[in-house]
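Report on the structure
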Amino acid sequence: MSVRSAVPGSTFLAAALAAAPLTIAAAAVIGSHVVAGDAPAAAETLAPAGSGLVVVASLSDPLVIWRLHPVPSAGVRLLFSEADLARIGLDQARELADRCSLTLARLRELTGLVPGAVQSTVDLAIVPEVAGLANTLPRDHDGLGRVGSAGIELRPHLLDLALSDPARWDAAVAHELAHNADVVAGTRFSSRWFVGPEPAHAWTAFVEGYLLPVFAREGDRTEGLPPESALAGAARRRQAGWAALGRPWSAIAGSEPGAAEPESLSADAQGGLLLELAGLVGADVVRRACALARAEHSADGDAGKVAALANHWSLALGADLSPWLIAHGWPVPAATAAELAQLPAWSPSVIASDDQAIACFGPGAWQLDLDEPTRLRIEVRSPPGGFAGWLTLDAGTWTARRWCLPGADTALTALLPAGLPLVTAREDGNLGTWLGAPCAVHIAPAPLWPPATPAPGLWQLRRDVVIASAPAVPSELAGRSDLTTRWWSSERGWVGTSLVVGGVAAPFALVTGGEATRIRVQWYADGLPAWPISAASIVPDSEPVAPVGVN
Ligand SMILES: [Zn+2]
């Protein structure tokens, strides 16, 4: 079969776009535009019934339509040109579709937001390069995701990156899906918290830095850094331009004279600040803050949005965040600050005086034999070139572990049992932690991240049922009483959870539908991802199926 990758837009398409609704099964929606519509004959010519092809249009300039091969995974279809699919092969295409599906599931799990209508399948089209036609997307864009749609376009160079730099592909997909999902009750979700010329990209800056690297525990896959390090780095990078200007609010709320790119500076500063805050309060608070913002339409205007941000995040945390926000330059309205002051105080940046201090230079371990609870100050000083590594505090009945970078704040609060006095602070580029209990201190160089999580074991019970078993609990998670395993199927998405009893995960039975299915498992703790998702075990097609149109 010979397939032309694309044909220029024509009058039938213009007519179809003027008309609703979609009437042909072989047509797809990309961006906000319905293709085919009243032009069944033309669509039938481009994507004959039974061909397995999908007609896709982009309304970018110049207008083009494509017929592409769908590779489905739960909730998504990844659409390839014939040449691209032949180039990477069906196995890789399915792996990529599965990753897109996972990204979509993460977005929903963290934010509660979904692209388009709730039940829509999201089409992700890799738009082909076509000789003689400019690409449909601007050269400096990796993709295009229209707000409120259930479909995105991705530039073809991303397909090569998907194999060499998967994090870049995942970030581009997360970015465009965040645009798709940036709508709630008919208004922009991003505009409930963010001000200035680019609230949509303040939101995507946060999603890109948080969703996969931190929430999904992927870390910085390109640099091989763990989630906490990835988060600290992203928060700092995003705020760098704003910090260089002295952190004026005017650079965020409007355009700062002299700033080269006021739009991206405004978006980056806000996204970066929220990344910093998210790192201090933890993923569960992020999830609850998103739920509050979905439920409550903020007042219009900058003051209303700043008040909404302070309200949602403080209520989600159960503590007053307005002093922290004000200290970081956010003009929280006085009335909001007064209301929130009724919540417990939250002051991770307060420096307390210390009774005893030690200094650790680089990797090493120190046993502190304190015979009574002592306020202890631990300071990690950076050798030339910078130090990055784990700071572990071990007091016998509990252990806290945190990734440290020189110049980055760290917060052990979430890891410690209630009642232990602890504050953290940044001092002249060094990291200080104050802990009110006897403890041992270990500082160790970073392991490579993400750690390889082996694929689950599978036993085919019946033609359409497999029993899956999780790999051994990672040593870093051993001993946690709140562990579960969550199971992923590329056909159905998250399919269930199994308990972990005595450090061993119960096996899990999955029903498969006959298509090739990728099964993965992820460790969760206290209802949140705790370790990177595993590699996939593949249940092959249970019956011979027709090839997907590659020839
Ligand atoms: Zn964008």
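Residues numbered from 1 in each chain as written. Predicted model: local features only at pLDDT ≥ 70, side-chain atom pairs only at ≥ 80, totals over all residues. Heavy atoms only, no water.

**A look at the pairing of strand β9 (residues 151–154)**
Because side chains alternate across β9, one face comprises the buried residues G151 and E153, and the other comprises I152 and L154, equally buried. Bridge analysis of strand β7 (residues 122–126) against β9 gives 4 bridges, and the strand direction is parallel. Looking at the pairing, L124 lines up with I152 of β9. With 3 bridges connecting them, strand β8 (residues 143–145) and β9 associate as antiparallel partners. Within the sheet, the bridge partner assigned to G145 lies in β9 and is I152. What sits between the antiparallel neighbours β8 and β9 is a turn of 5 residues, in which G148 has the positive phi angle 85°. (Buried < 20%, exposed > 50% of the residue type's maximum accessible area, 1.4 Å probe, protein only. Helix = DSSP H or I, 4+ residues; strand = E, 2+ residues; numbered from the N terminus. Pairing = 2+ DSSP bridges.)

**A few points about the coordination of the zinc ion**
Under ideal tetrahedral coordination, the four donors around a metal are separated by 109.5 degrees; under ideal octahedral coordination, the six donors are separated by 90 or 180 degrees. The coordination sphere of the zinc ion, as far as protein atoms go, consists of H175 (NE2), H179 (NE2) and H201 (NE2), spread over 2.0 to 2.1 Å. In terms of primary sequence, the donors binding the zinc ion are separated according to H-x3-H-x21-H. A residue pair is termed long-range when its members are at least 10 positions apart, and H179 in helix α5 (residues 166–180) and H201 in helix α6 (residues 199–215) qualify at 22 residues. Taking relative accessible area as the criterion, H201 reaches 28% and is therefore assigned partly exposed. (Donors = N, O, S within 2.8 Å, 3.2 Å for Na, K, Ca; no water.)

**Description of the environment of P474**
By secondary structure assignment, the location of P474 is in the loop between β19 (465–469) and β20 (483–489). In this structure the C-alpha to C-alpha distance between P474 and W523, which are 49 residues apart in sequence, comes to 8.9 Å. Filtering out sequence-adjacent residues up to four positions away, P474 remains in contact with W523 and W531. (Contact = heavy atoms within 4.5 Å.)

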